[in-house]
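Chain and residue survey
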Amino acid sequence: MSAAGETTMGRPVADNLFRMEGDEVRLLAGRKRADGRLRFPYPHGADAEDYDLVELATEGKLWSYTVQRFRPKTPFNGDGDDRNFKPYGVGYVELPGQLIVESRLVADDLTSLTIGEPMRLTTEAYRTDDTGEPVITYAFTPIREGATA
Amino acid sequence: MTDVQIVGAGIHPFGRTDGRSGLDQGVFAIREALADAGLDWEDMEFAYGGSSAAGAADAVLPRLGLTGIPFINVNNGCATGGSALLSGYSAIKSGEFELGIVVGFDKHPRGAFNADPEASGLPRWYGETGMMLTTQFFANKITRYMALHGITSETLGRVAEKAFENGTRTPHAWRRSPVDLETIMNAQMVSDPLTKYMFCSPAEGGTALILASEKKARELGLSGPKVRGAAIRTRPLGSFEVFAPSLEIERGKSAVELASAAAWAMAGVGPEDVDVAQLQDTESGAEIMHMAENGFCKDGEQEAMIANGDTRIGGRLPVNTDGGCLACGEPIGASGLRQIYENTQQLRDRADGRQVEGARIGYSQVYGAPGLSGCVVLER
């Protein structure tokens, strides 16, 4: 987990999912040329032809949430096994005027999350690959006064 | 236009049956349904069948007889059974056939389902980072619903408690021992706010129903509930459904709301006319939310209804009288037909030990990935 506002070193889990530049991270979405409708994630393959790549807002409000308490089966490939599995948050964050996006959630205490609380985009190393390099995905974390997530 | 009746019903007990394949359980259910109606396999003019993890449903043919009938394999996620029923219903309603069978069976490995992102048109990272779990969807949906509509955790527990209580009365149920509210509430958390007793498990089982036109049923001297309405709908824009990496801010109706509205319109009856209901209870919260989505109450009214025991057998609207998915488990191919089997038994006064006295209208609703629902209205 990184401190709020800082991004984590490593390689992104996928192309065209988010953009990292220094300490900045931005989720990438598609805007359909025909009707202007947003779609996340940015579509891949032939489907992408009708879309322009756009960046989403980095802050929003928690729309709903849960905690994943058991280690999922494949294709989940996070670090560890059933015994040392560390529960993680999964929820939805409403980005004003754009979309409600699903995301992993990071917080000191996942049970303290409340619907409607302000959230900020960050990154999270959710696994280490065979070469020892961290693999990075996006996550949202609560914006709380004086707290580091 | 002819009415369609269910003139035979068979089930292989749900749960775990070691040494018996999913296919075996499907064949068992078909033989039970044939025996129930006093018919032979050779009498069947068509078949629709589905299985998600136990092979092609038409593999029952060599076991039952290669009679040359059209057998169409149906695969529609958790709504496979509902889809088979709707297909069989349409085949008779169209006048093309007069007598046929629908079957569903399955056998899943233990533990939660694992989904393949690419098979659902989703990117690989969605599964790899651990966000493609049906359990998370249900937990997220009920968390928001509880916050908006004042549903408490205890109500989630009461739904599970009722399911296990009804399971004790049901020969085809998997979980046949009661579990008290305290145990349910204090059990291991699976996906907050849902504990392990509040989730159904993938399981095994088979169900078969024989459908006949009203005319054919009369000729054969058979009777059974009429299918008054049957509809399937998929996710509309603005709904919140399973496997959704993003949602529209402007909220819309759900697949369940569309399917139920269509079934009510077709049946010419409404939720107030229903005597017994089987609603998709993948987890406790789903039963609560589906009560409102199918029109049985307004959002939030479930809290008082469930505390009052309205949804128990003997209550105003008994829901999931055989214990539902929570007590029966969920063999995907068989689950939707189990609901209709249970309503058929209720409407024939054959639900010994769990009978809803004088039940005349039975309603069932199945829900599955990636956002579809099937609803069926039966009348005695």
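Rules of the game
Residues numbered from 1 in each chain as written. Chains lettered and ligands numbered in written order. Predicted model: local features only at pLDDT ≥ 70, side-chain atom pairs only at ≥ 80, totals over all residues. Heavy atoms only, no water. pLDDT = per-residue confidence, 0-100. Contact = heavy atoms within 4.5 Å. Core = buried A, V, L, I, M, F, W, Y, C linked by side-chain atoms within 4.5 Å. Buried < 20%, exposed > 50% of the residue type's maximum accessible area, 1.4 Å probe, protein only. Helix = DSSP H or I, 4+ residues; strand = E, 2+ residues; numbered from the N terminus. Buried area = accessible area lost by both parts, 1.4 Å probe. Salt bridge = Lys/Arg side-chain N within 4 Å of Asp/Glu carboxyl O. Polar contact = N/O pair within 3.5 Å; in protein donor to acceptor, adjacent residues only side chain to side chain. Pairing = 2+ DSSP bridges. Axes fitted to C-alpha atoms, helices over the stretch in contact; angles between N-to-C directions. Parallel < 35°, antiparallel > 145°, perpendicular 65-115°, else oblique.

1. Notes on the confidence of the model for chain A
Caution applies to low-pLDDT parts of the model: their predicted coordinates are not meant to be read in detail. Mean pLDDT for chain A: 91, with 92% of residues reaching 70 or above. Confidence over residues 1–5 of chain A falls short of pLDDT 50; this stretch has 10 contacts with residues more than four positions distant or in other chains.

2. What to know about the nonpolar core
Core analysis: the biggest nonpolar cluster contains 52 residues, and L27, F40, Y138 and F140 of chain A together with W125 of chain B have the highest contact counts within it. Only β3 (24–32), β6 (59–68), β7 (88–94), β8 (100–105), β9 (118–128) and β10 (134–142) of chain A together with α4 (124–128) and α5 (134–149) of chain B provide two or more residues apiece to this core. Formed by 44 residues, the second largest nonpolar core is a distinct cluster that contains M146, A231, M305 and A327 of chain B.

3. Considerations on the confidence of the model for chain B
The share of residues in chain B with pLDDT of 70 or more is 99%, and the mean pLDDT across the chain is 95. Here the complex is predicted with pTM 0.94, and the ipTM for its interfaces comes to 0.92.

4. Quick word on the side chain of Q345 of chain B
Tracing the sequence through the fold places Q345 of chain B in helix α13 (residues 332–347). Residues in contact with Q345 of chain B, not counting those within four places in the same chain, are R350, A351, R354 and Q355 of chain B.

5. Focus: the interface of chain B and chain A
On the side of chain A, 43 residues touch chain B, which itself brings 38 residues to the contact. Of the roughly 3400 Å² buried where chain B meets chain A, counting both sides, 59% is carbon and sulfur surface. When the buried surface of chain B facing chain A is broken down by residue, W125, R144 and I249 of chain B rank first, second and third, together holding 19% of it. Viewed at the interface, chain A and chain B are joined by two salt bridges. Residues R69 of chain A and D192 of chain B are paired through a salt bridge, measuring 2.8 Å at the closest nitrogen-oxygen approach. Counting the contacts that link chain B with chain A gives 20 residue pairs in polar contact (both at pLDDT 80 or more). Secondary-structure elements contributing two or more residues to the side of chain B that touches chain A are α4, α5, β5 (189–191) and β9 (246–247) of chain B.

6. Notes on the pairing of strand β1 (residues 4–15) of chain B
Residues and elements named next belong to chain B. With respect to burial, β1 is a largely interior element, 11 of its 12 residues being buried. Sheet analysis places β1 next to strand β7 (residues 204–213), joined by nine bridges and oriented antiparallel. Across the sheet, residue Q5 finds its bridge partner in β7, namely A212.

7. Notes on the packing of helix α3 (residues 80–93) of chain B against α13 of chain B
Residue and element names in this part refer to chain B. It is the contact of α3 with α13, at a shortest axis distance of 6 Å, that shows an interaxial angle of 60 degrees. The angle between α3 and α13 places the two elements in the oblique class. For the pair α3 and α13, contact is made by T80, G81, G82 and L85 and by I332, G333, G336, L337 and I340, respectively.

8. Quick word on the pattern of salt bridges
A full pass over the atoms with the stated rule returns 34 salt bridges over all chains. When the shortest N-O distance is used, the salt bridge between E21 of chain A and R19 of chain A registers 2.7 Å. Judged by its relative accessible area of 53%, E21 of chain A falls in the exposed class. By relative accessible area, R19 of chain A is classed as partly exposed at 26%. E161 of chain B serves as the salt-bridge partner of R312 of chain B, at 3.4 Å between the closest nitrogen and oxygen. Taken together, the residues R312 of chain B in the loop between α11 (302–307) and α12 (324–328) and E161 of chain B in helix α6 (residues 153–167) connect sequence positions 151 residues apart.

9. So, helix α10 (residues 284–293) of chain B
Because each turn of an α-helix spans 3.6 residues, side chains separated by three or four positions end up pointing in the same direction. Residues and elements named next belong to chain B. Burial analysis of α10 places 10 of its 10 residues in the buried class, the great majority of the element. When α10 is considered as a whole, its buried residues turn out to be S284, G285, A286, E287, I288, M289, H290, M291, A292 and E293. Measuring from the backbone nitrogen of G285 back to the side-chain oxygen at the start of α10 gives 2.6 Å, which picks out E283 as the cap. Where α10 terminates, the next one or two residues include G295, which has phi positive at roughly 95 degrees.

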